[in-house]
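Residue-level listing of the chains:
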Amino acid sequence: MHDELKHIENAAETEIRAAKTLDELEERRIQFLGRERGALTLILRQLKNLAPAERANVGNEANRLREKVERLIDEHAAVLRSSARESILERERIDVSRPGKRPPRGHLHPLTKLIREIEQIFLSLGFAVAEGPDVETEWYNFDALNIPAHHPARDMWDTFWLRQKIPSTKHQDPNKSKIKNLETPRLLLRTHTSPVQVRYMEKHQPPLRIIAPGVVYRYEATDVTHEIQFHQLEGLMVDRDISIANFRYVIEQFFTRLFGKAMEVRLRPSYFPFTEPSFEVDMRAKGSKGAWLEISGAGMVHPNVFKAAGLNPKQWQGFAFGMGIERLALLKWKIPDVRLFHSGDIRFLKQF
Ligand code: DAH
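Residues numbered from 1 in each chain as written. Predicted model: local features only at pLDDT ≥ 70, side-chain atom pairs only at ≥ 80, totals over all residues. Heavy atoms only, no water.

The subject of this paragraph is the overall build of the protein. A count of helical and extended segments in the protein gives 11 helices and 9 strands. Relative to its length of 352 residues, the protein is extended, with a C-alpha radius of gyration of 44 Å against a globular reference of 20 Å. Referenced to the eigenvectors of the C-alpha coordinate spread, the extents of the protein come out at roughly 140 × 60 × 35 Å. Taken across its 352 residues, the protein has 41% of its residues classed as buried. (Helix = DSSP H or I, 4+ residues; strand = E, 2+ residues; numbered from the N terminus. Rg over C-alpha atoms; globule rule 2.2 N^0.38 Å. Buried < 20%, exposed > 50% of the residue type's maximum accessible area, 1.4 Å probe, protein only.)

Written as structure tokens, this is what we have:
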């Protein structure tokens, strides 16, 4: 009996200290002190079989050992708890002196970048940058550009008209808005940037050279090359003696700088109400025998447009052009679908 107690004492000392967690320690407690099968409990249960003198002796010894085991457990529990706390502190330690993580920086939208690049090129050629409103009047978008109501040329632009509250509908003929200021002007989302030409010439005497980049709207189905909302680049140069040769030079310079290699253009006869003569502009890398790409409309400013802007067409001549900025972007960066620009897809945007 005595030897058994000694044996339990040795085992308790090593095994309790070996417990690595509080759960393990609890297992040790049950192993030695458990009410059912604890090693000490089993000893105490056998006391009744001993002679009375021996019983007191062993009983005292067993009680002393129980106290010792309890103390060992308490002590080791304290050790485990404090080292658990320390390891949590160590794990969660924050070095406030370390440099912070930089938040990721965004960048400009590819179209914004392109427009700024275009502006830089034209600024260096002596052009100013002009703007006009997205919500435009019928007058500036059509009539002043020599596109009267009922003229079939209006079909070239599928238009978003704005729903308007008209003060007095009685005498309202919606097609008479070209009589400026007499009636509430009909409003629309501009279908092209050409109205900026007229707005600018109303306020500035020639000679003048401007570009007008901006958003335009078309009421049409979308696909890989069409959006209902896109950007155009308008250009206008007016002076006493401007010719198609001037246009050719400016536009070739522009494409050459934008695409980073010598470009040449070809002018094909076309029709726009606000220019006469009118052209389609094709371009390709200079000297290449590759295909011509249609890229812009252009022409010499129509006398009626000068008149609408209050300029004398006998005194002034000019060229104008208009092209899609998304189309330039698709060609410059070989992008397959114009709808990517407004998709908000970060994987697309990150590439620029
Ligand atoms: N405004 C025309 C369009 O949206 C493009 C255009 C063609 C503009 C010829 C011009 C021009 O200034 O001269 O289709």
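Another aspect to go through is the pattern of salt bridges. Taken as a whole and judged by the stated rule, the model has 20 salt bridges. With its nearest N and O atoms 3.3 Å apart, the salt bridge here joins R93 to E90. Of the residues examined, R93 reaches a relative accessible area of 60% and is grouped as exposed. Residues D345 and R347 are paired through a salt bridge, measuring 2.7 Å at the closest nitrogen-oxygen approach. (Salt bridge = Lys/Arg side-chain N within 4 Å of Asp/Glu carboxyl O.)

Domain assignment breaks the protein into domain 1 (2-91) and domain 2 (110-349). Of note, the centres of domain 1 and domain 2, computed from C-alpha atoms alone, are 93 Å apart. (Domains from an automatic or database assignment.)

Moving on, we get to the nonpolar core. Core analysis: the largest hydrophobic core is formed by 39 residues, its most contacted members being I118, F122, F254, F255, F321 and L328. No other element matches helix α8 (residues 244-259), which puts 7 residues into this core. (Core = buried A, V, L, I, M, F, W, Y, C linked by side-chain atoms within 4.5 Å.)

Before going further, it helps to spend a moment on the side chain of R284. Tracing the sequence through the fold places R284 in strand β7 (residues 275-285). For R284, a relative accessible area of 16% corresponds to the buried category. Within the local environment of R284, its side chain forms a polar contact with the backbone oxygen of G290, the two atoms lying 2.9 Å apart. Those residues in contact with R284 that lie beyond four places of it in its chain are M263, E264, K289, G290, A291 and W292. (Polar contact = N/O pair within 3.5 Å; in protein donor to acceptor, adjacent residues only side chain to side chain. Contact = heavy atoms within 4.5 Å.)

What follows concerns the side chain of T275. Structurally, T275 can be placed in strand β7. Engagement of the side chain of T275 in a polar contact is seen with the side chain of S278, the distance being 2.6 Å. With near-sequence residues (within four places) excluded, T275 lies in contact with A298, G299, M300, V301 and H302.

Attention now goes to the site of the ligand. In the region of the ligand, 16 residues are neighbours, and H192, S194, R218, Q232 and E234 sit closest. One of the side-chain N or O atoms of W157 is found 3.3 Å from an oxygen atom in the ligand. A distance of 3.1 Å separates an oxygen atom of the ligand from a polar side-chain atom of Q197. Relative to its free-state accessible area of 350 Å², the ligand is covered by the protein chains to the extent of 92%. Among the residues forming the shell around the ligand, the class breakdown is 6 nonpolar, 8 polar and 2 charged. (Near = heavy atom within 4 Å. Areas by Shrake-Rupley, 256 points an atom, 1.4 Å probe, with all protein chains shown as cover. Nonpolar A, V, L, I, M, F, W, Y, C, P; charged D, E, K, R; others polar.)

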